[in-house]
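# Architecture at a glance
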Amino acid sequence: PLTRYNFEAYEGDDTVYRLVVLEYPAGKAPNPVGDSLYVKMVSAYAKESESKVRKRGPKTIAGRDGFEAITDDGKTKVNHLVSIVPAGDRIYMLVSAGPRGHATSEDAERFRDSFRVTDGERRGGAQDLSRLEGREQSDHRRRSGARQPVLEQDREPMPRLGPALK
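These remarks concern the structure in this document. Given the structure is predicted, the values throughout are model-derived calculations rather than measurements.

With that settled, the discussion passes to the overall build of the protein. On a plain count of helices and strands, the protein comes out with 3 helices and 10 strands. Taken from the N to the C terminus, the helices and strands of the protein come in the order β-β-α-β-β-β-β-α-β-β-α-β-β. Residue burial in the protein is summarised as follows: out of 166 residues, 46% are buried. The long-range share in the protein, meaning contacts at least 24 apart out of those at least 6 apart in sequence, stands at 56%. Here the protein displays about 9,000 Å² of accessible surface, and carbon together with sulfur accounts for 48% of that area.

Right, here's the structure in full:
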């Protein structure tokens, strides 16, 4: 089954940084990920966050082909930068949400740019975000010995992400 992991970090009362990891069973992830899936993911995010998509399109994220969107909530004036990048059996969605103008701010871009996709080898000074609740490796990697691409966050740019507070 598809597994979803959520991590969130809050900055003050009006800014949240979120990472969503969708982990597919070995070999079952969409490949290649088409624009229609990206659009569905962004639309689902906009619906869940009660916002509207203002801008969307292809974007290179963490050195890979991905997709990015900006959504706005007209009621509370919150806007969101939503970045999606596939890697192996996972799809990562990075979200930075804050007050008006946040989606195009240096903080939102720094959060997005603080991640990189690696070959699964842990690098010094980086947080391997595939290690959730003590999981060292995916079941696929344990069975096959294959390296699974993972998304890592560099040490300096942003506070560490912890389990979702919801």
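Moving on from the coordinates now.
Next up on the list: the pairing of strand 1 (residues 3–11). Pairing of strand 1 with strand 2 (residues 15–23), which is carried by 9 bridges, proceeds in the antiparallel orientation. Across the sheet, residue Glu8 finds its bridge partner in strand 2, namely Arg18. Between the end of strand 1 and the start of strand 2, which pair antiparallel, lie 3 residues, with Gly12 showing a positive phi angle near 65°.

Another aspect to go through is the pattern of salt bridges. In total, this model carries 6 salt bridges according to the counting rule given. The salt bridge partner of Asp113 is Arg112, with a shortest N-O separation of 2.8 Å. Given the relative accessible area of 8%, Arg112 is considered buried.

Buried within helix 2 (residues 106–113) we find Ala108, Phe111 and Arg112. Take helix 2 and look down its axis: the buried residues cluster within an arc of 95°, on one side only.

By secondary structure assignment, the location of Gly88 is in the loop between strand 5 (78–87) and strand 6 (90–99). Spatially, the C-alpha atom of Gly88 lies 10.0 Å from that of Val117, the residues being 29 residues apart in sequence.

With that settled, consider helix 1 (residues 35–48). Taking 1.5 Å per residue, 14 residues should reach 20 Å; helix 1 reaches 20 Å between its end C-alpha atoms and fits that length. Here helix 1 has its buried residues at Tyr38, Met41, Val42, Tyr45 and Ala46. What you see down the axis of helix 1 is that its buried residues fit within an arc of 135°, all on one side. Exposed residues pointing more than 90 degrees away from the buried face of helix 1 are listed as Ser36, Lys40, Lys47 and Glu48. Buried residues along helix 1 sit in contact with strand 2, strand 3 (52–61), strand 4 (64–73), strand 5 and strand 6. Of the residues flanking the end of helix 1, it is Glu50, one or two places downstream, whose phi is positive at about 55°.

Moving on to the environment of Val117. Along the chain, Val117 turns up in strand 7 (residues 115–118). With a relative accessible area of 16%, Val117 lands in the buried category.

Turning our attention to the side chain of Ser114. Within the secondary structure, Ser114 sits in the loop between helix 2 and strand 7. A polar side-chain atom of Ser114 sits 2.7 Å from the main-chain carbonyl oxygen of Phe111.

Moving on, we get to the nonpolar core. Judged by nonpolar contacts, the single largest core of 16 residues is most densely connected at Leu22, Val82, Ile84, Ile91 and Met93. Of all the secondary structure elements, the ones that give two or more residues to this core are strand 2, helix 1, strand 4, strand 5 and strand 6. No other element matches the 4 residues that helix 1 contributes to this core. When residues no more than four places from it in sequence are discounted, the contact partners of Ile84 are Tyr38, Met41, Val42, Ile61, Gly66, Phe67, Ile91, Tyr92 and Met93.

Cut-offs used in this document
Residues numbered from 1 in each chain as written. Predicted model: local features only at pLDDT ≥ 70, side-chain atom pairs only at ≥ 80, totals over all residues. Heavy atoms only, no water. Helix = DSSP H or I, 4+ residues; strand = E, 2+ residues; numbered from the N terminus. Buried < 20%, exposed > 50% of the residue type's maximum accessible area, 1.4 Å probe, protein only. Contact = heavy atoms within 4.5 Å. Areas by Shrake-Rupley, 256 points an atom, 1.4 Å probe, with all protein chains shown as cover. Pairing = 2+ DSSP bridges. Salt bridge = Lys/Arg side-chain N within 4 Å of Asp/Glu carboxyl O. Arc of directions from axis to C-beta. Expected span 1.5 Å × (residues − 1). Polar contact = N/O pair within 3.5 Å; in protein donor to acceptor, adjacent residues only side chain to side chain. Core = buried A, V, L, I, M, F, W, Y, C linked by side-chain atoms within 4.5 Å.

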